[in-house]
Amino acid sequence: NAGVMQNPRHLVRRRGQEARLRCSPMKGHSHVYWYRQLPEEGLKFMVYLQKENIIDESGMPKERFSAEFPKEGPSILRIQQVVRGDSAAYFCASSPPPGGTGELFFGEGSRLTVL
Amino acid sequence: GQSLEQPSEVTAVEGAIVQINCTYQTSGFYGLSWYQQHDGGAPTFLSYNALDGLEETGRFSSFLSRSDSYGYLLLQELQMKDSASYFCAVGGGATNKLIFGTGTLLAVQP
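Counting restarts for each chain: residues are numbered from 1 in the order of the written sequence. Numbering of ligands from 1 and lettering of chains from A proceed in the order in which they are written. Reporting in this predicted model follows two pLDDT cut-offs: at least 70 for local features of residues, and 80 or more for side-chain atom pairs to be given and counted; totals over whole chains, interfaces and linings ignore these cut-offs and use all residues. The basis for every side-chain value is the complete set of heavy atoms in the structure, and neither hydrogens nor water enter the calculation.

Now, about the environment of G1 of chain B: what can you tell me, with residues and values included?
All names here are of chain B. Only DSSP runs of H or I covering at least 4 residues are called helices, and only runs of E covering at least 2 are called strands; the numbering of each starts at the N terminus. Note that G1 resides in the segment before strand 1 (3-5). Categorising residues by exposure relies on relative accessible area from a 1.4 Å probe, with only protein chains included: less than 20% of the type maximum marks a residue as buried, more than 50% marks it as exposed, and the intermediate range marks it as partly exposed. The class for G1 is exposed, based on a relative accessible area of 91%. C-alpha separation for the pair G1 and G91, spaced 90 residues apart in sequence, amounts to 12 Å. For this analysis, residues touch if any pair of their heavy atoms sits within 4.5 Å. Setting aside anything within four residues of it in sequence, one finds G1 in contact with Q25, T26 and S27.

This is the structure in C-alpha cells:
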C-alpha cells in the first residue's frame, strides 16, 4: 500500500509566480490535511479537506492560498503570487474515516523556495 | 484557541532514558499524540493517548493527565537513531485534525 505521495519534492519559484503542490492520500483515506513547516519550527495546520469539500480552513492565509480535493485526482495546494515568506516545507497528511485515532500519515513534503 | 509547550532541546547519552514533557491549553480536548521527525522528513506517528495513564509501545511510552493538561513521551534505552525532533499534538476527534507543538530536538550522544 503506497504511502502519501507528494510532488514536486522541491519547487523553486520567483516572486509573483504561482506554486501548485499536489498530494495523493493513501488508498482508502478520504481525509486530507495540509501543514506548513518553517525551518526549526513546528507544523502549522493550514486546511482539512474531504473529497470535494473544505471542512476546516482556519489555518489558511486569507489571500493567495487555496486548496482543493476533487472527486478524481490529488489534492492541490495553490499559492498565487508567491513571496519570500512562503518559502517553507509543505506537508500533506491523510487519515481514513472515521477519525478519532490521532494518527495522521504524512508525505515527505514539498519544499518551496521563493527567490 | 490551542497552545502547546515543550522544551526546545534535550540531550542524552546512548542507553539512557529521556522524558519529553508537553503541556497544552485547548478549548476542546480529544487526545494527545506524539510524532517523530528526522531531519525535516515525513513526521511519523508514535502514540495517541485519549485517556489518563501510560501507554507503552516497545522502548517508547506516552503518558497523559487530562486534569493537569500534561503529557510526556518517555524514551528508554536510547539509540543514536532516536536523534530527531519530537512533536506533541492535540486533536483527534471525528476530524482527526491535529495542532502541533513547536517540537523538541533530541540529541543522543555516544
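How would you sum up the sheet that holds strand 7 (residues 60-65) of chain B? Please name residues and give values.
All names here are of chain B. Taking strand neighbours across the sheet as the criterion, the five strands line up as 1-3-8-7-6 in an open arrangement whose pairing is antiparallel. The sheet is open, and its two edges are formed by strand 1 and strand 6 (53-57), each paired on a single side. Averaged over all pairs of adjacent strands, the angle between strand axes in this sheet comes to 20 degrees, irrespective of strand direction. Where strand 7 and strand 8 (residues 70-75) come together, six bridges link them in antiparallel fashion. Paired with S65 across the two strands is Y70, which belongs to strand 8. Here, a strand pair is defined by DSSP locating no fewer than two bridges between the strands. Convention adopted: a line fitted to C-alpha atoms gives each axis, helices being fitted over their contacting stretch, and angles between N-to-C directions are expressed from 0 to 180 degrees.

I'd like a rundown of the sheet that holds strand 3 (residues 19-24) of chain A, residues and numbers included.
Residue and element names in this part refer to chain A. Read from one edge of the open sheet, four strands run 1-3-8-7, paired in antiparallel fashion. The sheet is open, and its two borders are formed by strand 1 (5-7) and strand 7 (65-68), each paired with just one other strand. Recorded for the sheet is a direction-independent mean angle of 15 degrees between the axes of neighbouring strands. In terms of strand pairing, strand 7 meets strand 8 (residues 75-79) through four bridges, oriented antiparallel. By the bridge assignment for strand 8, S66 is matched with R78.

Before we move on, can you summarise the packing of aromatic side chains with the specific residues and values?
Residue and element names in this part refer to chain A. Between rings of Phe, Tyr and Trp, where Trp is taken as its six-membered ring, a pair exists when centres lie within 6.5 Å; planes separated by under 30 degrees are stacked, by over 60 edge-to-face, and by other angles tilted. Tallied over the entire structure, the rule returns 14 aromatic pairs over all chains. Arranged with centres 5.7 Å apart and planes meeting at 50 degrees, the rings of Y35 and F106 form a pair that is tilted. Note that Y35 is positioned in strand 4 (residues 31-37) and F106 in strand 10 (residues 105-106), a separation of 71 residues in sequence. You can call Y35 buried: its relative accessible area is 0%. Judged by its relative accessible area of 10%, F106 falls in the buried class.

Please give an account of the state of the cysteines that cites residues and values.
Note: disulfide means a covalent bond formed between the sulfur atoms of two cysteine side chains. Disulfide assignment relies on a single distance test, namely cysteine sulfur atoms paired within 2.5 Å. Evaluated as defined, the whole model comprises two disulfides over all chains. The disulfide bridge from C23 of chain A ends at C92 of chain A, spanning 1.8 Å between sulfur atoms. Across the disulfide from C23 of chain A to C92 of chain A, rotation about the S-S bond amounts to roughly -55 degrees, and the bridge is consequently left-handed. Taken together, the residues C23 of chain A in strand 3 and C92 of chain A in strand 9 (residues 88-95) connect sequence positions 69 residues apart. The class of C23 of chain A is buried, set by a relative accessible area of 0%. Two residues share a disulfide in this structure: C22 of chain B and C88 of chain B, whose sulfurs sit 2.1 Å from each other. Taking the torsion about the S-S bond as the criterion, the C22 of chain B to C88 of chain B disulfide, at about 75 degrees, is right-handed. Placement of C22 of chain B in strand 3 (residues 18-25) and of C88 of chain B in strand 9 (residues 84-92) is noted, with a sequence separation of 66 residues between them. Take C88 of chain B: its relative accessible area is 0%, and that puts it in the buried class.

Please set out the layout of surface pockets residue by residue, giving values where relevant.
In this analysis the probe radius is 1.4 Å and the grid spacing 1 Å, with only protein atoms considered; a cavity is a set of points the probe fits into but cannot get out of, a pocket is an open set with protein on both sides within 12 Å along at least five of seven lines, and lining residues have an atom within 4 Å of a point. Grid points are joined across faces, edges and corners, and a volume is the space filled by probe spheres set on the points. Estimated volume of the largest pocket: approximately 540 Å³. Taken together, 27 residues line the largest pocket, and the ones lying closest to its centre are Q37, P39, E40 and E41 of chain A together with S85 of chain B. Contributing elements (two or more residues each) for the lining of the largest pocket: strand 9 and strand 11 (110-114) of chain A together with strand 9 and strand 11 (104-109) of chain B. Amino acid classes used here: Ala, Val, Leu, Ile, Met, Phe, Trp, Tyr, Cys and Pro are nonpolar; Asp, Glu, Lys and Arg are charged; the rest, including Gly, are polar. Here the residues of the lining of the largest pocket are counted per class, giving nine nonpolar, 13 polar and five charged. By volume, the second largest pocket is sized at about 160 Å³. Broken down by secondary-structure element, the contributors of at least two residues to the lining of the second largest pocket are strand 5 (43-50) of chain A together with strand 10 (97-100) of chain B. Here the residues of the lining of the second largest pocket are counted per class, giving six nonpolar, three polar and one charged.

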